[in-house]
Amino acid sequence: MLKWVDVNELAIELSETYPQVDPLTLSFPDLFQKVMDLSEFDDDPDRCGEKVLEAIQMTWIDEID
């Protein structure tokens, strides 16, 4: 199961699950929801903050480049 600290793995899962989505266009609430919706994700929503979402977003951008 993936946790908030698994930034690289989350970015890979997001890029594979949402290939049509440009991570640059996502708001943090939308990104948060996409992570929460991943089947492999299982962590406390309260453990996530803006820095975590930013790290996931930046890694996702790098993943698709």
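Residues numbered from 1 in each chain as written. Predicted model: local features only at pLDDT ≥ 70, side-chain atom pairs only at ≥ 80, totals over all residues. Heavy atoms only, no water.

Brief notes about the side chain of Thr59
Line of reasoning, step 1. As for its position among the elements, Thr59 is in helix H3 (residues 50-64).
Line of reasoning, step 2. Apart from the residues lying within four places of it in its own chain, the contact partners of Thr59 are Val7, Asn8 and Ala11. (Helix = DSSP H or I, 4+ residues; strand = E, 2+ residues; numbered from the N terminus. Contact = heavy atoms within 4.5 Å.)

Quick word on the packing of aromatic side chains
Line of reasoning, step 1. Enumeration according to the criterion identifies two aromatic pairs in this entry.
Line of reasoning, step 2. An angle of 15° between the planes, with centres 5.6 Å apart, marks the rings of Trp4 and Phe32 as stacked. Placement of the pair is Trp4 in the segment before helix H1 (7-17) and Phe32 in helix H2 (residues 28-37), with a sequence separation of 28 residues.
Line of reasoning, step 3. Feature note: the residues Trp4, Phe32 and Phe41 constitute an aromatic cluster, connected by ring pairs.
Line of reasoning, step 4. Geometry around Tyr18 places Lys34 over its ring, the cationic atom sitting 4.3 Å from the centre. (Phe/Tyr/Trp six-rings, centres within 6.5 Å; stacked < 30°, edge-to-face > 60°. Lys NZ or Arg CZ within 6 Å of the ring centre and 35° of its normal.)

As for the packing of H2 against H3
Line of reasoning, step 1. Where H2 contacts H3, the axes come no closer than 10 Å and their chain directions differ by 80°. As summarised for this structure, H2 and H3 are arranged roughly perpendicular, according to the angle between their axes. Seen from H2, the contacting residues are Phe28, Leu31, Phe32 and Val35; seen from H3, they are Glu50, Leu53, Glu54, Ile56, Gln57 and Trp60.
Line of reasoning, step 2. Tallied by class, the residues present in the contact of H2 with H3 amount to seven nonpolar, one polar and two charged. (Axes fitted to C-alpha atoms, helices over the stretch in contact; angles between N-to-C directions. Parallel < 35°, antiparallel > 145°, perpendicular 65-115°, else oblique. Nonpolar A, V, L, I, M, F, W, Y, C, P; charged D, E, K, R; others polar.)

Structural notes on H1
Line of reasoning, step 1. The complete set of buried residues in H1 reads Val7, Leu10, Ala11, Leu14 and Ser15. Across the axial projection of H1, the buried residues extend over an arc of 130°, all falling on one side.
Line of reasoning, step 2. The elements touched by buried residues of H1 are H2 and H3. (Buried < 20%, exposed > 50% of the residue type's maximum accessible area, 1.4 Å probe, protein only. Arc of directions from axis to C-beta.)

Some words on the packing of H1 against H3
Line of reasoning, step 1. It is at 8 Å that the axes of H1 and H3 come closest, and there the two elements cross at 55°. By the angle between their directions, the pair H1 and H3 is classed as oblique. In this structure, H1 meets H3 at a crossing whose hand is right-handed. For the pair formed by H1 and H3, the contact residues are Val7, Asn8, Leu10, Ala11, Ile12, Leu14 and Ser15 on the first element and Ala55, Ile56, Thr59, Trp60, Glu63 and Ile64 on the second.
Line of reasoning, step 2. Looking at the contact of H1 with H3 residue by residue, the class counts come to nine nonpolar, three polar and one charged. (Left-handed = near helix turned anticlockwise from the far one by under 90°.)

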